Number of protein chains: 2
Amino acid sequence: MQIAILGAGMVGRAMAIDLAKKYDVTSFDVSEHSLQLLMQKNTQVKAVQADLSDYNNYTALLAPFHFVICAVPGFMGYNALQAIIKAKKDVVDISFFPENALELDALAKENNVTAIVDCGVAPGMSNLILGYYNEKMSVIDFDCLVGGLPKKRVKPFEYKAPFSPIDVLEEYTRPARYVENNCIVTKPALSDAELIDFENVGTLESFNTDGLRSILYTMVHIPNMKEKTLRYPGHIDLMKGLIKAGFLSEEPIDIKGQKISPIEFASALLFKQWKLGTAEEEFTIMQIKVSDKHKTICYDLFDMYDAATETSSMSRTTGYTCTAALNLLIENLFTEKGVFPPELVGKHERCFNFIMDYLKERNVVYKKTETIAPNH
Amino acid sequence: MQIAILGAGMVGRAMAIDLAKKYDVTSFDVSEHSLQLLMQKNTQVKAVQADLSDYNNYTALLAPFHFVICAVPGFMGYNALQAIIKAKKDVVDISFFPENALELDALAKENNVTAIVDCGVAPGMSNLILGYYNEKMSVIDFDCLVGGLPKKRVKPFEYKAPFSPIDVLEEYTRPARYVENNCIVTKPALSDAELIDFENVGTLESFNTDGLRSILYTMVHIPNMKEKTLRYPGHIDLMKGLIKAGFLSEEPIDIKGQKISPIEFASALLFKQWKLGTAEEEFTIMQIKVSDKHKTICYDLFDMYDAATETSSMSRTTGYTCTAALNLLIENLFTEKGVFPPELVGKHERCFNFIMDYLKERNVVYKKTETIAPNH
């Protein structure tokens, strides 16, 4: 079984190492440095330097492989996924591109391809859990709180970005949509800041981000759905100040004869400050609540950096969900053709259980609790 | 009587118009736009375009003049003043340069020149008042609160800079010195934020800035001296956030193949936001308190933009103090040779009264109150 992984970033490398235990894995990346980091940890994976923005070359590049994982940067994701589908390869995607993946559904069906997209933590596991319970109960409320944070808090941001700061900054400036009483409500990003206590990490602050993605369209019958991002308290106020002061504006200003947009400058300035060290302790925290009239099902995730393998929690929680889904395809447990966000996979009990078990084997544990609604 | 005014910025223009009522005035500036603005308001002033950074040319340039006002940007101020002194011209300076003006004292004496420096509001009137009362009482406390603010408050800064934003940003980052129990205390700029109510403008916020300048050296016998700057509440917190986040750092970062320091970028970004419109209402507020064991003398200034002549309060309060001092020289009321900050002028009753009267004639009114110390 030959597997191609497109992208050898932090998460891409963790996935290559995970899959190499059972299969022949080839990792592709344009960065020699990223491929070297992978080779240092695992010599079984084949590392190939390649310009993955050359989408016309995908059919030739991917010909030898049975399955593909797409873990390229978001801005390349849509084109990469389209090229993989045209190459007629089943694929799991975690590039989290901004375009609507369902626009590639017809192309995937035409090419007899299965493509599971957005298959990380949130989006990813949040969708899977909602898809599962949507089959079992008449959901009226879906709530997702999620954050990836450094263990050590350093002023003023108390934050590290496991990916490019510009992606985070764009999340902070893009208006956020949620569903309330069957209506899509659009609010500024960073709105509705709220302090919430967590058992493992103390008090965090939640705020609106535009994270619902596909479930805005696939779960239109659910009257209330909301995703909020978590940060250490204070982070949001500082970001709001920066935004109000114009430091995240996209409108370029002239400086030393060049046009530079404040968000570009901020991204460059924050790159060092926000860079997550390769052995820096961080954690992922997520709480998913799915409610009907009678009860609330709650899934809590608290996952730490793994010091033994020097694998970040972000890589573990995102990457292993993606590799779990790939194993689902390899083992023929999900065979529909087209493009599927995880809620359309999680609706099948065998798929949901398979992924949950796969994660538990890797010590990524979702703790489930159930509470009866007080009035029933 | 021929007077040269070096610099036709906002304050320079107001001074030219004030002095042209009695004397022949020539304004010099490199900016044709600034000179045109002056010409539109007053056709009696002679406007000459000149590169005032060509300091070797000052002797020739200034030969026809009896007195000089130096109102060039701060970074040029020291060199300009030195060149004026070498040209043997009596001068009043409001360039507020960062270097120590007293280093030019010997040169001024050598050239038989009188140079009054720092002759605006604060520094300026604050020094003059302290110099006056220092002769009359055994001062133990000197407190100065001062701010120039727009009447209309616009989020997030609620501030407009009548001069280059970079000068304000540097004031926000330079450590602030004050005197407490005869010791010079150095604190970070923006420290000791404190809300204070004012009759005319409501609640403002004060914070430490490094504004004492010459009186740190000329008034060493006074045990407590402090100057704080005033802004609308909220401004300081936002500036602190920007500083902590690195947006006012001087260390350059690489962007698009160029090295640009964050403070340069911030200055360019804020230039438009902070630009004071030519007919935009603003005000100057200052409170000076000079105390001995028995009483406190308080001077309150609240001065508004003058709509009739479209003259900013900043120009009125700063510029007319400077022109008052120049008239002092013209009328032979201050004839000592050397470099003098205003506290060394204000110590003479006739000089103090002359300047106070000159300002009152122009409706810049310092309201004096005296309170007896509660324990006496």
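Residues numbered from 1 in each chain as written. Chains lettered and ligands numbered in written order. Predicted model: local features only at pLDDT ≥ 70, side-chain atom pairs only at ≥ 80, totals over all residues. Heavy atoms only, no water.

The next thing to look at is the sheet that holds strand E3 (residues 46-49) of chain B. Across a sheet, paired strands are connected by hydrogen bonds in the backbone, their directions being either parallel or antiparallel. All names here are of chain B. Strand order across the open sheet formed by seven strands is E3-E2-E1-E4-E5-E6-E17, with parallel pairing between neighbours. The open sheet has two edge strands, E3 and strand E17 (338-340), and neither has a second partner. Across the sheet, the mean angle from the axis of one strand to that of its neighbour is 20°, orientation sign disregarded. Bridge count for strand E6 (residues 114-116) against E17 is three bridges, and the pairing is parallel. Paired with Ile116 across the bridge in E17 is Phe340. Set on the sheet, helix H1 (residues 10-19) makes contact with strand E1 (2-6), strand E2 (24-29) and strand E4 (67-70); between it and E1 the angle comes to about 170°. Against the sheet, helix H11 (residues 313-330) touches E1, E4, strand E5 (90-93) and E6, its axis set at about 160° to E4. (Pairing = 2+ DSSP bridges. Helix = DSSP H or I, 4+ residues; strand = E, 2+ residues; numbered from the N terminus. Axes fitted to C-alpha atoms, helices over the stretch in contact; angles between N-to-C directions. Contact = heavy atoms within 4.5 Å.)

Our next topic: the packing of aromatic side chains. Residues and elements named next belong to chain A. Evaluated as defined, the whole model comprises 30 aromatic pairs over all chains. Geometrically, the ring pair formed by Tyr133 and Phe352 is edge-to-face, given 6.4 Å between the ring centres and 80° between the ring planes. With a gap of 219 residues between them, Tyr133 in helix H6 (residues 125-134) and Phe352 in helix H13 (residues 349-361) connect regions that are remote in the sequence. Each of the two residues, Tyr133 as well as Phe352, counts as buried. Taken together, the aromatic side chains of Tyr132, Tyr133, Tyr299 and Phe352 make up a single cluster linked through ring pairs. In this arrangement the basic side chain of Lys226 is found over the ring face of Tyr178, its NZ or CZ atom lying 4.2 Å from the centre. (Phe/Tyr/Trp six-rings, centres within 6.5 Å; stacked < 30°, edge-to-face > 60°. Buried < 20%, exposed > 50% of the residue type's maximum accessible area, 1.4 Å probe, protein only. Lys NZ or Arg CZ within 6 Å of the ring centre and 35° of its normal.)

Residue and element names in this part refer to chain A. Taken in spatial order, the seven strands of this open sheet run E3-E2-E1-E4-E5-E6-E17, and their pairing is parallel. Looking at strand neighbours, the two that pair on one side only are strand E3 (46-49) and strand E17 (338-340), the edges of this open sheet. Going across the sheet, the axis of each strand differs from the next one's by a mean of 20°, ignoring polarity.

This part is about the side chain of Thr317(A). Relative to the assigned elements, Thr317(A) resides in helix H11 (residues 313-330). Leave out the neighbours within four places in its chain, and Thr317(A) touches Val121(A), Thr284(A), Leu301(A), Asp303(A) and Val364(A).

Turning our eyes to something else, we now look at the interface of chain B and chain A. Of the residues lining the interface, 25 residues belong to chain B; the matching set on chain A comes to 25 residues. In total, about 2,300 Å² of surface goes out of reach between chain B and chain A, with carbon and sulfur atoms giving 77% of it. Considering only the surface of chain B that becomes buried against chain A, Phe247(B), Lys256(B) and Phe265(B) emerge as the three largest contributors, covering 29% of it. The tally of links from chain B across to chain A stands at two salt bridges. A salt bridge links Glu264(A) to Lys256(B), with the shortest nitrogen-to-oxygen separation between them at 3.6 Å. Taken together, the connections running from chain B to chain A amount to four residue pairs in polar contact (both at pLDDT 80 or more). Elements with a minimum of two residues in the side of chain B that touches chain A: helix H9 (235-244), strand E13 (253-255), strand E14 (258-260) and helix H10 (262-274) of chain B. (Buried area = accessible area lost by both parts, 1.4 Å probe. Salt bridge = Lys/Arg side-chain N within 4 Å of Asp/Glu carboxyl O. Polar contact = N/O pair within 3.5 Å; in protein donor to acceptor, adjacent residues only side chain to side chain.)

Another point: H13(A). Residue and element names in this part refer to chain A. With 13 residues, H13 ought to run about 18 Å at 1.5 Å a step, and its terminal C-alpha atoms sit 18 Å apart, in line with that. Residues of H13 that are buried include every one of Cys351, Phe352, Phe354, Ile355, Met356, Tyr358 and Leu359, and no others. Packing partners of the buried residues in H13 comprise helix H1 (10-19), H6, strand E16 (295-304), H11, helix H12 (343-346) and strand E18 (366-372). Directly beyond the C-terminal end of H13, a positive phi value near 65° is found at Asn363. (Expected span 1.5 Å × (residues − 1).)

The subject of this paragraph is H1(A). Residue and element names in this part refer to chain A. The element H1 is largely enclosed, with a buried count of eight among its ten residues. Every buried residue of H1 is accounted for by Val11, Gly12, Arg13, Ala14, Met15, Ala16, Asp18 and Leu19. Where H1 is buried, its residues contact strand E1 (2-6), strand E2 (24-29), helix H2 (32-41), strand E4 (67-70), H11 and H13.

With an axial shift of 0.1 Å and an RMSD of 0.0 Å, the rotation relating chain B to chain A amounts to 180°. Taken together, these values place the two copies in the relation of a two-fold axis. Of the residues that chain B buries at the interface, 100% are likewise interface residues in chain A, meaning the two copies contact each other through the same surface. (Least-squares fit on C-alpha atoms with pLDDT ≥ 70 in both.)

The next subject is the nonpolar core. If you look at the biggest cluster of nonpolar residues, it comprises 70 residues, and the most contacted ones within it are Trp274(A) and Trp274(B). When neighbours within four sequence positions are excluded, Trp274(B) is seen to be in contact with Phe157(B), Tyr159(B), Lys160(B), Ala161(B), Pro165(B), Val168(B), Leu169(B), Tyr172(B), His235(B) and Met239(B). (Core = buried A, V, L, I, M, F, W, Y, C linked by side-chain atoms within 4.5 Å.)

Turning to the packing of helix H10 (residues 262-274) of chain A against H10(B), a few remarks are in order. In contact at an axis separation of 12 Å, H10(A) and H10(B) are set at 160° when each is read in the N-to-C sense. When the interaxial angle is binned, H10(A) and H10(B) end up roughly antiparallel. Between H10(A) and H10(B) lies a crossing whose hand is left-handed. Taking contact as the criterion, the partners of Pro262(A), Phe265(A) and Leu269(A) in H10(A) are, on H10(B), Pro262(B), Phe265(B) and Leu269(B). Considering only residue class, the contact of H10(A) with H10(B) consists of six nonpolar, no polar and no charged. (Parallel < 35°, antiparallel > 145°, perpendicular 65-115°, else oblique. Left-handed = near helix turned anticlockwise from the far one by under 90°. Nonpolar A, V, L, I, M, F, W, Y, C, P; charged D, E, K, R; others polar.)

Right, let's talk about the pairing of strand E12 (residues 224-231) of chain B for a bit. Residue and element names in this part refer to chain B. In terms of burial, E12 is a largely internal element, seven of the eight residues being buried. Pairing analysis gives six bridges linking strand E7 (residues 141-150) to E12, with the strands arranged parallel. Each residue of the ladder has a partner; that of Leu145, found in E12, is Lys228. Inspection of the sheet shows strand E11 (residues 202-208) paired to E12 by four bridges, in the antiparallel sense. Each residue of the ladder has a partner; that of Glu205, found in E12, is Arg231.

What follows concerns the pattern of salt bridges. In total, this model carries 38 salt bridges over all chains according to the counting rule given. Put simply, Asp18(A), Lys21(A), Glu361(A) and Arg362(A) are held in one network by salt bridges that share partners.

A few words on the packing of helix H7 (residues 165-173) of chain B against H10(B). Any two packed helices are characterised by how steeply their axes cross, that is the angle between the axes, and by the distance between the axes. Residue and element names in this part refer to chain B. Two elements in contact, H7 and H10, have axes whose closest approach is 8 Å; the angle formed by their N-to-C orientations is 120°. The angle between H7 and H10 falls in the class oblique. As for the relative orientation of H7 and H10, their crossing is right-handed in sense. For the pair H7 and H10, contact is made by Pro165, Ile166, Val168, Leu169, Glu170, Tyr172 and Thr173 and by Ile263, Ala266, Ser267, Leu270, Phe271 and Trp274, respectively. Of the residues that constitute the contact of H7 with H10, the class distribution is ten nonpolar, two polar and one charged.

Mapped onto the secondary structure, Asp197(A) falls in strand E10 (residues 194-198). Ignoring any residue separated from it by four or fewer positions in sequence, one finds Asp197(A) in contact with Gly202(A) and Thr203(A).

Before going further, it helps to examine the side chain of Asp105(A). Residues and elements named next belong to chain A. Structurally, Asp105 can be placed in helix H5 (residues 105-110). On the basis of relative accessibility, which here comes to 19%, the residue Asp105 falls in the buried class. Setting aside its immediate chain neighbours within four residues, Asp105 contacts Gly338 and Val339.

This part is about the environment of Asn57(A). All names here are of chain A. By secondary structure assignment, the location of Asn57 is in the loop between E3 and helix H3 (58-62). When its relative accessible area of 34% is taken as the criterion, Asn57 is described as partly exposed. Placed 191 residues apart in sequence, Asn57 and Leu248 show a C-alpha to C-alpha distance of 36 Å.

In short, shape yes, function no, at least from these values alone.
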